[in-house]
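# Summary of structural features
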Amino acid sequence: MNRVIARKVVPAYHQIFKLSRKQFCSDEAAKSSAAVASSQFNQVMVSFIINCISLNLYGTVLDLIVLVLVWQESDGNLSPTGNVQPYDIAIVGGGMVGMALACSLGRLFSLPSALVYYHVVAAPFILLCLAIGSWVGFNKQDQMQKTEAFLSMAFDTVCPCSIKESILIDALCFVFIKLLTLLLAATMPLTKHLRVAIIDSSPALANKPCIKREDPPDPRVSTVTPATISFFKDTGAWQYVQQHRHAYFDKMQVWDYTSLGYTKYDARDVDNEVLGCVVENKVLHSSLLSRIEDTDFQKTIYHSRLTSMSLHPSSSSIVVDSTASTEASYARGRVAKLELSDGNSLYAKLVVGSDGGKSQVRELAGFKTTGWKYSQNAVICTVEHSVENYCAWQRFLPSGPIALLPIGDKFSNIVWTMNPEESSDFKSVKEDDFVKAVNHALDYGYGPHPKSSLPGSAGMFSWLRGNVTILADESFEIPPKVVKLASERMAFPLSLMHANEYASKRVVLIGDAAHTVHPLAGQGVNLGFGDAFALSRIIAEGIAVGMDIGEVTLLKKYEAERKLANMTMMAILDGFQKAYSVDFGPLNILRAAAFHGAHYISPLKRSIISYASGEQRLPLFY
């Protein structure tokens with residue numbers, strides 16, 4: 001084994017130290033020296049990690065010594081002098097999803113439990129087998145001579161210390177190294193060291209808004225799922241959300257205007273505490289920004305817009321030297337070049353498009369999309385009640401659904417889908433008339449209240465209930481009355497859009513840049529946060545094995561994971577939208593049957609709640 005190591009590794013190390021002993025007298029030579037030292041350091045670091053995992057004692061010790069010597073030789077400067085280093089990641093779009101990705105990249109990824117088991121249990125056992133094999137295969141004198149010769153060749157000098165004659169001591173030393181490696185790996189920030197640029201001209205990044213609790217809620221809110229809440233807690237951003245207004249809800253009631261059916265969901269049906277939490281968008285964004293500011297994360301925020309992006313140099317590009325400069329990397333296609341509206345330009349190994357439905361990154365990268373516009377607009381606003389609202393309500397009306405979502409402090413958010421002509425009227429109508437219209441739509445408007453059970457319906461589905469005890473009150477409830485309007489009314493058109501591809505070399509899309517959905521279930525932002533978390537994890541996995549984070553093979557793993565999840569949710573939401581866009585007798589009965597099935601069939605209800613909560617299980621029986 002040592003013969004193989006000496007034959008393959010020694011020449012490389014010998015060349016490294018021959019190069020490092022050369023003297024340079026010019027600035028260009030100094031740049032070249034720093035570039036070579038940086039390349040050497042990176043290569044030996046990868047070798048060190050591989051040797052640790054493969055239980056190679058001599059390779060591990062040798063790599064440690066080489067890393068120290070290369071660092072000392074370069075005086076701690078492993079960057080070419082005078083060269084602007086490229087960013088590892090450029091996030092175009094500093095909205096909620098883009099900031100969530102930056103937050104996720106700044107957190108520590110824990111070592112997988114299987115790898116911990118390998119280091120603690122399997123490594124000592126394998127080490128013992130190797131020690132026995134080494135004892136049997138070689139006599140002590142021969143082993144000592146070979147090792148001394150190996151180290152002498154590697155360092156081009158006489159080995160300064162004698163080799164321990166006892167293989168047992170070698171083994172104990174190696175166990176110590178393995179445990180130290182485990183300790184370092186368990187807390188190693190796989191992505192925290194990355195240099196990240198955030199590009200966005202939004203005033204929210206330049207001047208952080210002051211959010212006061214006594215101010216009325218903003219009409220732009222998001223309903224975050226338990227999976228998203230867990231993601232925020234992992235990144236450390238949820239503690240900032242809790243300092244501002246937010247509202248958990250543990251119940252949800254859904255019904256339609258025909259009064260033929262309804263369904264109620266309760267968090268206790270799946271042994272959870274909540275179904276979700278409604279938070280203002282500005283609170284989510286401010287919390288993510290605060291989290292980034294409170295860490296030593298290496299980020300630079302450019303308050304500008306992206307104007308052009310070049311992934312490959314033109315044929316007229318000049319020939320560059322072989323040093324590891326940014327220009328040379330760009331010429332070889334190893335980085336992307338971004339031009340900003342303020343005249344700045346920067347390079348990045350990976351460009352992340354999180355710049356919304358009209359993504360400039362998506363357009364410049366040439367990603368094709370599929371989708372269509374709905375003949376509907378959404379009217380949003382904040383309303384106030386005389387009592388606190390703890391439940392999420394949604395009613396399907398002939399022109400589209402209306403949702404009443406709790407925000408806290410006796411406030412709720414309205415999301416009312418209707419045709420464009422109606423949205424224009426309701427946006428400009430008097431406040432009192434609008435409040436009456438909202439109460440009418442959530443109460444007896446368009447039809448009576450559904451009955452708690454249709455004759456025989458409970459018995460029809462009761463055989464599927466099993467012995468499950470229903471904890472929630474299943475009777476139909478009337479939403480709390482709206483007493484006044486508490487914000488301006490805003491309207492925006494609705495559409496569905498999906499990028500045919502999420503990733504190409506050096507470019508990847510997340511959030512609304514990759515997909516937009518109908519807001520009827522409030523899942524759009526949660527899909528975006530899921531993209532951010534998945535991409536950060538894929539990047540960390542790539543770094544762990546030494547991959548280029550802009551390599552298309554790595555980015556396609558993210559696409560494969562998220563594309564199925566996003567398309568499934570999009571298909572479900574689009575199906576709901578189309579099913580409730582038609583007022584037809586037989587179809588109304590089928591919809592009522594679906595409501596009752598979701599209400600009375602416990603396995604189906606649990607599956608729907610779990611899927612909507614972000615557990616990524618299709619709403620089927622389990």
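Everything discussed here concerns the structure shown above.
Every value quoted in this text rests on a predicted model; they were computed, and no experiment measured them.

Secondary-structure assignment places Asn 526 in helix H17 (residues 524-544). Looking at Asn 526, its side chain comes within polar contact range of the main-chain nitrogen of Thr 225, at 3.0 Å. When neighbours within four sequence positions are excluded, Asn 526 is seen to be in contact with Thr 223, Val 224, Thr 225 and Thr 228.

Moving on, we come to the sheet that holds strand S3 (residues 221-224). Taken together, the three strands give an open sheet; going across it, the order is S3-S7-S4, and neighbouring strands pair in antiparallel fashion. Among the strands making up the open sheet, the edge pair consists of S3 and strand S4 (246-249). The mean inter-strand angle of the sheet, taken between neighbouring strand axes irrespective of direction, is 20 degrees. The pairing of S3 with strand S7 (residues 276-280) spans four bridges and is antiparallel. Its bridge partner lying in S7, Ser 222 is registered against Val 279. Contacting S3 and S7, helix H11 (residues 281-293) crosses the sheet at an angle of about 90 degrees to S7.

Take the packing of aromatic side chains next. Summed over all chains, the structure comprises 14 aromatic pairs. Relative to Phe 426, the ring of Trp 416 has its centre 4.8 Å away and its plane inclined at 35 degrees; by these criteria the two rings are tilted. One end of the pair, Trp 416, is in strand S15 (residues 411-418); the other, Phe 426, is in helix H14 (residues 420-428), and ten residues separate them in sequence. Centroid distance Phe 426 to Phe 434: 6.2 Å. Interplanar angle 75 degrees. Geometry classified as edge-to-face. Classification of Phe 434 by relative accessible area gives buried; the value is 0%. Following the ring pairs from residue to residue traces out a cluster consisting of Phe 231, Phe 232, Trp 238, Tyr 248, Phe 529 and Phe 533. Across the ring face of Tyr 87, the terminal group of Arg 195 is positioned such that the distance to the ring centre comes to 4.6 Å.

Let's shift gears to the packing of helix H9 (residues 226-235) against H17. Axes are the key here: two packed helices are described by the angle between their axes and the distance separating the axes. Interhelical geometry of H9 versus H17 gives an angle of 40 degrees and a closest axis separation of 10 Å. For the element pair H9 / H17, the angle class is oblique. The way H9 lies across H17 gives a crossing that is left-handed. Mapping the contact onto sequence places Thr 228, Phe 231 and Phe 232 in H9 and Asn 526, Phe 529 and Phe 533 in H17.

Spacing of three or four residues puts side chains on the same side of an α-helix, whose turn is 3.6 residues. For H17, spanning 21 residues, the distance from its first C-alpha to its last is 31 Å, which sits close to the expected 30 Å at 1.5 Å a residue. Most of H17 is tucked away: 15 of the 21 residues are buried. Gly 546 lies just past H17 and shows a positive phi near 80 degrees.

Relative to the helices and strands, Ala 571 is located in helix H18 (residues 552-579). Each C-alpha atom, one on Ala 571 and one on Val 517, is 9.2 Å from the other, the two residues being 54 residues apart in sequence.

The next subject is the side chain of Asp 443. Note on placement: Asp 443 falls in the loop between helix H15 (431-442) and helix H16 (457-462). A distance of 2.5 Å separates polar atoms of two side chains, one belonging to Asp 443 and the other to His 449.

What follows concerns the nonpolar core. In terms of nonpolar packing, the biggest core is built from 69 residues, with Ile 89, Phe 232, Val 352, Phe 529 and Leu 535 touching the most fellow members. Examining the composition of this core, we find that eight residues originate from one element, helix H4 (residues 96-105), more than from any other. Here Ile 89 is in contact with Leu 105, Leu 194, Arg 195, Val 196, Ala 197, Ala 348, Leu 350, Val 352, Ile 539 and Ile 549, once residues within four sequence places are set aside. Residues Tyr 262, Leu 404, Phe 434 and Phe 476 belong to the second largest nonpolar core, which totals 24 residues.

This part covers the pattern of salt bridges. Tallied over the entire structure, the rule returns 20 salt bridges. The salt bridge involving Arg 220 is made with Asp 218; its shortest N-O contact spans 3.0 Å. Accessibility expressed as a relative area gives 42% for Arg 220, which makes it partly exposed. Residue Lys 556 is joined to Glu 501 by a salt bridge in which the shortest nitrogen-to-oxygen separation is 3.3 Å. One end of the pair, Lys 556, is in helix H18; the other, Glu 501, is in the loop between strand S17 (490-499) and strand S18 (503-504), with 55 residues separating them in the sequence. Put simply, Arg 245, Glu 280, Lys 282 and Asp 409 are held in one network by salt bridges that share partners.

What counts and what doesn't
Residues numbered from 1 in each chain as written. Predicted model: local features only at pLDDT ≥ 70, side-chain atom pairs only at ≥ 80, totals over all residues. Heavy atoms only, no water. Helix = DSSP H or I, 4+ residues; strand = E, 2+ residues; numbered from the N terminus. Polar contact = N/O pair within 3.5 Å; in protein donor to acceptor, adjacent residues only side chain to side chain. Contact = heavy atoms within 4.5 Å. Pairing = 2+ DSSP bridges. Axes fitted to C-alpha atoms, helices over the stretch in contact; angles between N-to-C directions. Phe/Tyr/Trp six-rings, centres within 6.5 Å; stacked < 30°, edge-to-face > 60°. Buried < 20%, exposed > 50% of the residue type's maximum accessible area, 1.4 Å probe, protein only. Lys NZ or Arg CZ within 6 Å of the ring centre and 35° of its normal. Parallel < 35°, antiparallel > 145°, perpendicular 65-115°, else oblique. Left-handed = near helix turned anticlockwise from the far one by under 90°. Expected span 1.5 Å × (residues − 1). Core = buried A, V, L, I, M, F, W, Y, C linked by side-chain atoms within 4.5 Å. Salt bridge = Lys/Arg side-chain N within 4 Å of Asp/Glu carboxyl O.

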